[in-house]
Amino acid sequence: MTNTVMTGLSSIGQAVGMEDVPDPQVPERARRRTYTAKYKRDILTEYDSLDRQGRGALLRREKLYTSLVGKWRDQHDKGVLEALARPAGAPPASTAEKDAARLRKENLRLSGELDTARQVIAIQGKLSALLDQLSTNSSETNTEK
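Enquirer: Before we go on, may I ask you to explain the nonpolar core in this structure?
Expert: Across soluble globular proteins, nonpolar side chains have a tendency to be buried as a group. Ile43, Leu44, Tyr47, Leu58, Leu59, Leu64, Val69 and Trp72 form the largest nonpolar core, which has eight residues in total. Broken down by element, the residue count for this core peaks at three residues, all from helix α2 (residues 37–49). Residues contacting leucine 64, with those up to four places away along its chain left out, are Arg33, Tyr35, Tyr39, Ile43, Leu59 and Trp72.

In structure tokens, the structure reads:
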């Protein structure tokens, strides 16, 4: 009885058949699914009209979970169809908030311009003082000759 022992990782990979394993491609960022109010309503009516096996087939076909359908039913039972159609996320900003944001942005821009103007004035003052000094030095050297 002869036992053959393979050594090295490449031998193990070849023995198991792992040498041609493709690199899985993963999307950079997962995106959440969004559902329209009409889609939710249609799924709820179809879901309610089916038996147990049909419901499971519907959920698999649409790639949904029963918990999601339950949430949609709770929203529908409360009579809040607006809640089904409302987009997720923060509510739209009011006009006062938009104006405040615009004014903050303008304030930042104007502050930057003011800083630039102050630096230009400082440089002009230094240049003026330097020119005055040069003119007095040159007039002194002209009077000495």
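Enquirer: Which parts of the structure should I look at to understand the pattern of salt bridges?
Expert: Side chains bearing opposite charge may pair, as long as their charged atoms lie close to each other. If you walk through the whole model with that rule in mind, you get seven salt bridges. In this structure, arginine 61 and glutamate 46 form a salt bridge, with 3.2 Å as the shortest nitrogen-oxygen distance. Of the two residues, arginine 61 sits in helix α3 (residues 52–62) while glutamate 46 sits in helix α2, which places them 15 residues apart along the sequence. Residue classification places glutamate 46 among the partly exposed residues on the basis of a relative accessible area of 29%. Across the pair arginine 73 and aspartate 48 runs a salt bridge, and its minimum N-O distance is 2.3 Å. Taken together, the positions of arginine 73 in helix α4 (residues 66–77) and aspartate 48 in helix α2 put the pair 25 residues apart, joining distant regions of the chain. Judged by its relative accessible area of 42%, aspartate 48 is partly exposed. Counted as one network, the salt bridges with shared partners bring together Lys38, Arg41 and Asp42.

How each quantity is defined
Residues numbered from 1 in each chain as written. Predicted model: local features only at pLDDT ≥ 70, side-chain atom pairs only at ≥ 80, totals over all residues. Heavy atoms only, no water. Core = buried A, V, L, I, M, F, W, Y, C linked by side-chain atoms within 4.5 Å. Buried < 20%, exposed > 50% of the residue type's maximum accessible area, 1.4 Å probe, protein only. Helix = DSSP H or I, 4+ residues; strand = E, 2+ residues; numbered from the N terminus. Contact = heavy atoms within 4.5 Å. Salt bridge = Lys/Arg side-chain N within 4 Å of Asp/Glu carboxyl O.

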